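# Structural overview for review
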Amino acid sequence: MKKNTETPHGMDEWADRVQGLSGAPDSQAAKQMVSDIYRSAQDELDAQRAQAEFEREE
């Protein structure tokens, strides 16, 4: 199964929201946090899809 490596849609908007909520002065840190959360969630979805595909094949 192919891993999804795309950049999150609307990452800048999400980073601005995170930065606003946290009061963090560093926008790059907010962007990195959003990217990390997205990739972690995407990895979990990829694992779930792989498990479902494995179970269908059995």
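Reference entry: report on the structure contained in this document. (Residues numbered from 1 in each chain as written. Predicted model: local features only at pLDDT ≥ 70, side-chain atom pairs only at ≥ 80, totals over all residues. Heavy atoms only, no water.)

## A few points about the packing of helix 1 (residues 11-22) against helix 2 (residues 27-57)
Interhelical geometry of helix 1 versus helix 2 gives an angle of 115° and a closest axis separation of 8 Å. For the crossing formed where helix 1 meets helix 2, the hand is right-handed. Packed against helix 1, whose contacting residues are Met11, Asp12, Trp14, Ala15, Val18 and Gln19, the element helix 2 presents Ser27, Ala30, Lys31, Met33, Val34 and Ser35 at the interface. Of the residues assigned to the contact of helix 1 with helix 2, the class counts are 7 nonpolar, 3 polar and 2 charged. (Axes fitted to C-alpha atoms, helices over the stretch in contact; angles between N-to-C directions. Helix = DSSP H or I, 4+ residues; strand = E, 2+ residues; numbered from the N terminus. Left-handed = near helix turned anticlockwise from the far one by under 90°. Contact = heavy atoms within 4.5 Å. Nonpolar A, V, L, I, M, F, W, Y, C, P; charged D, E, K, R; others polar.)

## Let's talk about helix 1
Taking 1.5 Å per residue, 12 residues should reach 16 Å; helix 1 reaches 16 Å between its end C-alpha atoms and fits that length. Turning to helix 1, its buried residues are Met11, Ala15 and Gln19. Viewed along the axis of helix 1, the buried residues span an arc of 70°, placing them on a single side of the element. Summarising the geometry of helix 1, the exposed residues directed more than 90 degrees from the buried face are Glu13, Arg17, Gly20 and Leu21. The secondary structure elements touched by the buried residues of helix 1 are helix 2. Directly after helix 1, the chain includes Gly23, whose backbone phi takes a positive value near 75°. (Expected span 1.5 Å × (residues − 1). Buried < 20%, exposed > 50% of the residue type's maximum accessible area, 1.4 Å probe, protein only. Arc of directions from axis to C-beta.)

## Digging into the environment of Ala30
Mapped onto the elements, Ala30 comes out in helix 2. Owing to a relative accessible area of 5%, Ala30 belongs among the buried residues under this scheme. In sequence terms Ala30 and Arg17 are 13 residues apart; their C-alpha atoms lie 8.7 Å from each other. Excluding its chain neighbours within four sequence positions, the residues that come into contact with Ala30 are Ala15, Val18 and Gln19.

## Section: the packing of aromatic side chains
What the rule picks out here adds up to 0 aromatic pairs. The ring centre of Trp14 lies 4.6 Å from the NZ or CZ of Arg17, which sits over that ring. (Phe/Tyr/Trp six-rings, centres within 6.5 Å; stacked < 30°, edge-to-face > 60°. Lys NZ or Arg CZ within 6 Å of the ring centre and 35° of its normal.)

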